Amino acid sequence: MRDASFEFLQQLLAAPSPSGYEQPAQRVFRSYIEPFCQVATDVMGNVFGMIQGEGKTRPRVMVVGHSDEIGLQVRYLDDNGFIYFSAIGGVDPHITPGMRVHVHTSRGRLNGVIGKRPIHLIEPKERDTVIKLDAQYIDIGAASKKEAQEWVRVGDPITFASSLECLFGDRVSSRGLDDKAGSFVVAEVLRRVAELPDRLPVDLYGVSSVQEEVGLRGGTTSSYSVNPDVGICVEVDFATDQPDVDKKHNGEVGLGKGPILPRGANINPVLFDLLSDTATANNIAVQYTGIARATGTDANVMQISRGGVATALVKLPLRYMHTPVETMSLSDLDNAVELIVASLGRMGSKDAFIPM
């Protein structure tokens with residue numbers, strides 16, 4: 001991965017973006033793509049990058065990844081200045097006690113910790129009990145409710161205090177790779193297409209969507225606005241090459257073995273074949289999974305937008321999803337970009353994706 005792209009990935013992951021509070025990450029995305037495409041933002045906060053192609057029958061293609069991450073939200077401040085919170089998206093209450101967090105306020109970022117009774121003070125029979133999220137609390141060091149309220153308001157977003165770290169080889173770990181990794185791929189596809197010597201036979205719309213973690217909301221509205229003929233959603237998927245994940249659940253999927261191409265009801269078979277054949281023709285490593293029903297991704301709402309869209313998924317293998325230490329391989333990101341850019345150049349007319 002080139003240095004400028006890695007720096008962009010770092011900035012995107014560092015920007016707080018719990019669902020409904022995506023603006024900091026979307027500003028990073030918008031700033032990165034502005035030099036090489038037309039840019040627009042809608043009332044939901046979705047950001048669109050547009051590159052016009054050439055040809056009379058060129059399809060309108062939408063490539064989307066969502067910018068929002070799971071997080072927390074301030075719900076209540078008690079008399080002693082402790083903050084009680086709600087989950088934004090699928091937060092696991094097993095892992096939150098003892099974690100460091102950032103509370104994002106109108107006056108700036110506050111450091112905090114999710115407190116927990118010491119093990120010495122917990123009865124043995126309670127030690128295996130999961131503490132419900134609504135019983136957990138954040139300590140920002142305030143001495144009273146009044147002191148906390150000088151900074152914190154109900155509704156302020158909270159993120160886990162973790163950022164991008166490099167592991168062995170090309171493996172990286174961070175919060176928010178689900179699915180800022182997808183938004184990153186969308187931005188890199190736009191950059192690569194803009195650098196091509198000739199225009200492609202498609203009109204390309206690269207979208208960084210919002211509020212996916214709370215109901216595919218930005219994907220729904222952006223698909224309606226763009227009205228694409230073809231849609232490619234870039235998402236993450238469960239890697240099964242860690243010790244405690246059963247391959248029978250999600251197939252054999254590993255980091256560094258290429259992006260994943262699922263098959264199933266949510267996937268247009270003609271578009272799937274185009275992506276798969278392109279990978280073979282260009283020696284791009286890919287993996288395959290089956291999803292027998294609608295997926296929990298923006299591809300789901302894209303497929304059934306308006307009169308229907310020829311839709312596919314390009315998924316990125318991810319370990320430890322919805323934790324602050326999500327882990328993936330940078331080569332899978334690069335290969336996803338290569339695959340999508342190469343596939344765009346092979347698309348025919350907008351009617352070419354009707355299954356026969």
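Residues numbered from 1 in each chain as written. Predicted model: local features only at pLDDT ≥ 70, side-chain atom pairs only at ≥ 80, totals over all residues. Heavy atoms only, no water.

Enquirer: Help me understand helix 5 (residues 217–226), please; the structure alone is not making it clear to me.
Expert: In an α-helix, one full turn covers 3.6 residues, which means residues spaced three or four apart are oriented alike. Every buried residue of helix 5 is listed here: Gly 218, Gly 219, Ser 222, Ser 223 and Val 226. An end-on view of helix 5 places all buried positions within 125° of arc, on one side of the element. Downstream of helix 5 by one or two residues, Asn 227 has phi in the positive range, about 55°. (Buried < 20%, exposed > 50% of the residue type's maximum accessible area, 1.4 Å probe, protein only. Helix = DSSP H or I, 4+ residues; strand = E, 2+ residues; numbered from the N terminus. Arc of directions from axis to C-beta.)

Enquirer: Sorry if this is basic, but what is going on with the packing of aromatic side chains here?
Expert: When we look at a pair of aromatic rings, we describe it by the centre distance and by the angle of the planes. One pass over the full model with this rule turns up seven aromatic pairs. Here Phe 8 and Tyr 32 contribute two aromatic rings whose centre-to-centre distance is 3.8 Å and whose plane-to-plane angle is 5°, an arrangement assigned as stacked. Residue Phe 8 is found in helix 1 (residues 3–14), and its partner Tyr 32 is found in helix 2 (residues 23–33); the two are separated by 24 residues along the sequence. Judged by its relative accessible area of 2%, Phe 8 is buried. (Phe/Tyr/Trp six-rings, centres within 6.5 Å; stacked < 30°, edge-to-face > 60°.)

Enquirer: What am I meant to see in the nonpolar core here?
Expert: Soluble, globular proteins show a tendency: their nonpolar side chains are buried together. In this structure, Val 185, Leu 344 and Met 347 are the most contacted members of the largest nonpolar core, which totals 71 residues. If you tally residues by element for this core, the top one is helix 4 (residues 177–195), at nine residues. Not counting residues within four places of it along the chain, the set of residues in contact with Met 347 comprises Pro 59, Val 61, Pro 201, Val 202, Val 230, Ile 232, Leu 271, Leu 274 and Phe 353. With 19 residues, the next largest nonpolar core counts Ile 70, Met 99, Ala 142 and Val 152 among its residues. (Core = buried A, V, L, I, M, F, W, Y, C linked by side-chain atoms within 4.5 Å. Contact = heavy atoms within 4.5 Å.)

Enquirer: Is there a simple way to think about the environment of Arg 306 in this case?
Expert: With respect to the helices and strands, the residue Arg 306 is situated in the loop between helix 8 (298–303) and strand 16 (310–318). Considering only alpha carbons, one finds Arg 306 and Thr 278, 28 residues apart in sequence, at a separation of 28 Å. Here the side chain of Arg 306 touches Tyr 224 through a polar contact of 3.0 Å, landing on its backbone oxygen. (Polar contact = N/O pair within 3.5 Å; in protein donor to acceptor, adjacent residues only side chain to side chain.)

Enquirer: Even after reading the chapter, I still don't get the packing of helix 2 against helix 4, so can you show me in this structure?
Expert: If you want to describe how two helices pack, look at the angle between their axes and the distance between the axes. Orientation of helix 2 relative to helix 4, taken along the N-to-C sense of each, is 15°, at an axis distance of 10 Å. With respect to helix 4, the axis of helix 2 lies roughly parallel. Read as a crossing pair, helix 2 and helix 4 show a hand that is right-handed. For the pair formed by helix 2 and helix 4, the contact residues are Ala 25, Phe 29, Tyr 32 and Ile 33 on the first element and Lys 180, Ser 183, Val 186, Ala 187, Glu 188, Leu 190 and Arg 191 on the second. Along the lines of polarity and charge, the residues of the contact of helix 2 with helix 4 split into seven nonpolar, one polar and three charged. (Axes fitted to C-alpha atoms, helices over the stretch in contact; angles between N-to-C directions. Parallel < 35°, antiparallel > 145°, perpendicular 65-115°, else oblique. Left-handed = near helix turned anticlockwise from the far one by under 90°. Nonpolar A, V, L, I, M, F, W, Y, C, P; charged D, E, K, R; others polar.)

Enquirer: Explain the sheet that holds strand 10 (residues 165–166) to me, please; I cannot follow it from the model alone.
Expert: Sheets are built from strands paired through backbone hydrogen bonds, the pairs being either parallel or antiparallel. Spatially, 10-11-17 is the arrangement adopted by the three strands of the open sheet, whose pairing is antiparallel. The sheet is open, and its two borders are formed by strand 10 and strand 17 (326–329), each paired with just one other strand. Pairing between strand 10 and strand 11 (residues 171–174): two bridges, direction antiparallel. Across the sheet, Cys 166 pairs through a bridge with Val 172, a residue of strand 11. Lying on the sheet, helix 4 is in contact with strand 11 and strand 17; it crosses strand 17 at an angle near 35°. (Pairing = 2+ DSSP bridges.)

Enquirer: Honestly, the side chain of Asn 268 in this entry has me stumped. Any pointers?
Expert: Relative to the assigned elements, Asn 268 resides in the loop between strand 14 (260–264) and helix 7 (269–281). From its side chain, Asn 268 meets the backbone nitrogen of Leu 271 in a polar contact 2.9 Å long. A polar atom in the side chain of Asn 268 sits 2.9 Å from the backbone oxygen of Phe 353. Beyond its immediate sequence surroundings of up to four residues, Asn 268 is in contact with Ala 310, Thr 311, Phe 353 and Pro 355.

Enquirer: Mind showing me how you'd approach the pairing of strand 4 (residues 71–77) here?
Expert: It is a general feature of regular strands that their side chains alternate between the two faces of the sheet. Of the strand pairs in this sheet, strand 4 and strand 5 (residues 83–88) are connected by six bridges, and their pairing is antiparallel. In the strand pairing of strand 5, Tyr 76 is matched with Tyr 84. Between the end of strand 4 and the start of strand 5, which pair antiparallel, lie five residues, with Gly 81 showing a positive phi angle near 90°. One ladder, built from two bridges, connects strand 4 with strand 9 (residues 157–160); its direction is antiparallel. Within the sheet, the bridge partner assigned to Leu 72 lies in strand 9 and is Ile 158.

Enquirer: Before we go on, may I ask you to explain the pattern of salt bridges in this structure?
Expert: Side chains that carry opposite charge are capable of pairing whenever their charged atoms lie near each other. Within this structure, the stated rule accounts for 11 salt bridges. Across the salt bridge formed by Arg 199 and Glu 54, the nearest N and O atoms sit 3.9 Å from each other. Note that Arg 199 is positioned in the loop between helix 4 and strand 12 (203–209) and Glu 54 in the loop between strand 2 (47–51) and strand 3 (60–66), a separation of 145 residues in sequence. Its relative accessible area of 48% is what places Arg 199 among the partly exposed residues. Residue class for Glu 54 comes out partly exposed when judged on its relative accessible area of 40%. The partner of Glu 338 in a salt bridge is Arg 192, with the nearest N and O atoms 3.1 Å apart. Within this pair, whereas Glu 338 is found in helix 9 (residues 330–344), its partner Arg 192 is found in helix 4, the two being separated by 146 residues in sequence. Residue class for Glu 338 comes out partly exposed when judged on its relative accessible area of 35%. Beyond isolated ion pairs, a larger network of salt bridges with shared partners links Glu 69, Arg 175 and Lys 180. (Salt bridge = Lys/Arg side-chain N within 4 Å of Asp/Glu carboxyl O.)

Enquirer: Can you help me understand the packing of helix 7 against helix 9 in this one?
Expert: Put simply, helix 7 and helix 9 touch, their axes get as near as 9 Å, and they point 110° apart. Overall, the two elements helix 7 and helix 9 adopt an arrangement that is roughly perpendicular. For the element pair helix 7 and helix 9, the recorded crossing hand is right-handed. Across the interface between the two elements, Leu 274, Leu 275, Thr 278 and Ala 279 of helix 7 pack against Leu 339, Ala 342 and Ser 343 of helix 9.

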